[in-house]
Amino acid sequence: MFLRKSPARLFACFFLLVPVLGSGILAQSAGNKAVGAVSAVQDDPDFARAVKEWTTRPEFISPLVDHLPKAAGIPSPTDILGHHIGEPKKLTYYADILKYYRALAAATPRVKVVTIGKSNEGRDLVVVFVGGDESIRNLETYRGYLAQLADPRTVTDAQAKDVIAKAKPIYHLSGGLHSGEVGPSEMLMELAYRLATEDSALIKQIGDHVIVSITPVADPDGRDRNVDWYYKYGINETEGRTTGAGVPYWGKYVFHDDNRDIN
């Protein structure tokens, strides 16, 4: 996993959603900054400067992620965390990750945070949904459509075709399979904000036709142990100079992600 400890590489992961839409919308967008050259939403100039400075190799950047919208009234990760996602030597504790998503959901009808339980150590487990206003307003209806398709024994072909015609796919992203994979949980905060605020053709296409769901952190207990360990022992690591300072265990008692397996 190439996102374990290199925040400067986070930005390439925006391509995760592109296959959902096929090549047509991306080809239409080629040559336009942020796949939407005419935009009512202004970009954050400090982010554009920072991402260019922090990105270590050209293959980790693209016109999809070399900018960030600055939407009035909707907090970016910087507004809540105090720094841009991907800033070197910065990792985010789980409580602050939840704080960001909840602030985002409070500011826009395009985002909804659903608590689904507790981790092994009592932290809230959540799923974050992002989509167009109509999609999130009718989220349970769309989830119900997909539930009807879950067991083919309960629907006829004709019924399935009717459901498919009105349903929307839910595209799920999970923040790190192992808690040592710290990059995805950082990147997903920026992706959620981008999906909720950017008005480019590509993002509008996603919002109109896809509901994105996010597990911010697959193992929040292990996440916090890894962040603790990183700040104490690994903060000066670079690609060329590793310290080998991996956290000795990230479960409550063992080197294993119980919360990940429950998910």
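The structure this text deals with has already been given above.
A quick note: this is a predicted structure, and the numbers were derived from the prediction, not measured. (Residues numbered from 1 in each chain as written. Predicted model: local features only at pLDDT ≥ 70, side-chain atom pairs only at ≥ 80, totals over all residues. Heavy atoms only, no water.)

A. Focus on the packing of aromatic side chains. Throughout the structure, instances matching the rule amount to five aromatic pairs. Centre to centre, the rings of Tyr-142 and Tyr-145 are 5.9 Å apart; their planes meet at 75°, and the pair counts as edge-to-face. With a gap of three residues between them, Tyr-142 and Tyr-145 both fall in helix 7 (residues 139–148), about one helical turn apart. You can call Tyr-142 buried: its relative accessible area is 8%. With relative accessibility at 17%, the residue Tyr-145 sits in the buried group. When the ring of Trp-229 is compared with that of Tyr-233, the centres are 4.4 Å apart and the planes differ by 45°; the resulting orientation is tilted. (Phe/Tyr/Trp six-rings, centres within 6.5 Å; stacked < 30°, edge-to-face > 60°. Helix = DSSP H or I, 4+ residues; strand = E, 2+ residues; numbered from the N terminus. Buried < 20%, exposed > 50% of the residue type's maximum accessible area, 1.4 Å probe, protein only.)

B. Focus on the sheet that holds strand 2 (residues 124–130). Taken in spatial order, the four strands line up as 1-2-4-3 in an open sheet, and their pairing is mixed. The open sheet has two edge strands with one neighbour each: strand 1 (111–118) and strand 3 (170–174). Across the sheet, the mean angle separating the axes of adjacent strands is 20° when strand polarity is ignored. (Pairing = 2+ DSSP bridges. Axes fitted to C-alpha atoms, helices over the stretch in contact; angles between N-to-C directions.)

C. Examining the nonpolar core more closely. In terms of nonpolar packing, the biggest core is built from 35 residues, with Tyr-101, Val-130, Val-212 and Ile-214 touching the most fellow members. Within the residue set of this core, elements represented by two or more residues are helix 3 (45–54), helix 5 (94–107), strand 2, helix 9 (183–197), helix 10 (201–209) and strand 4 (211–215). With eight residues, helix 9 is the single largest residue contributor to this core. Counting nine residues, the second-largest nonpolar core is a separate cluster that includes Val-127, Phe-129, Leu-139 and Val-163. (Core = buried A, V, L, I, M, F, W, Y, C linked by side-chain atoms within 4.5 Å.)

D. Fine view of the environment of Gln-42. Along the chain, the position of Gln-42 falls in the loop between helix 2 (23–29) and helix 3. A residue is classified by how much of its surface remains accessible, and Gln-42, at 55% relative accessible area, is exposed. Sequence separation between Gln-42 and Lys-70 is 28 residues; the distance between their C-alpha atoms is 5.6 Å. Setting aside its immediate chain neighbours within four residues, Gln-42 contacts Leu-68, Pro-69 and Lys-70. (Contact = heavy atoms within 4.5 Å.)

Just distances and angles here, no functional claims.
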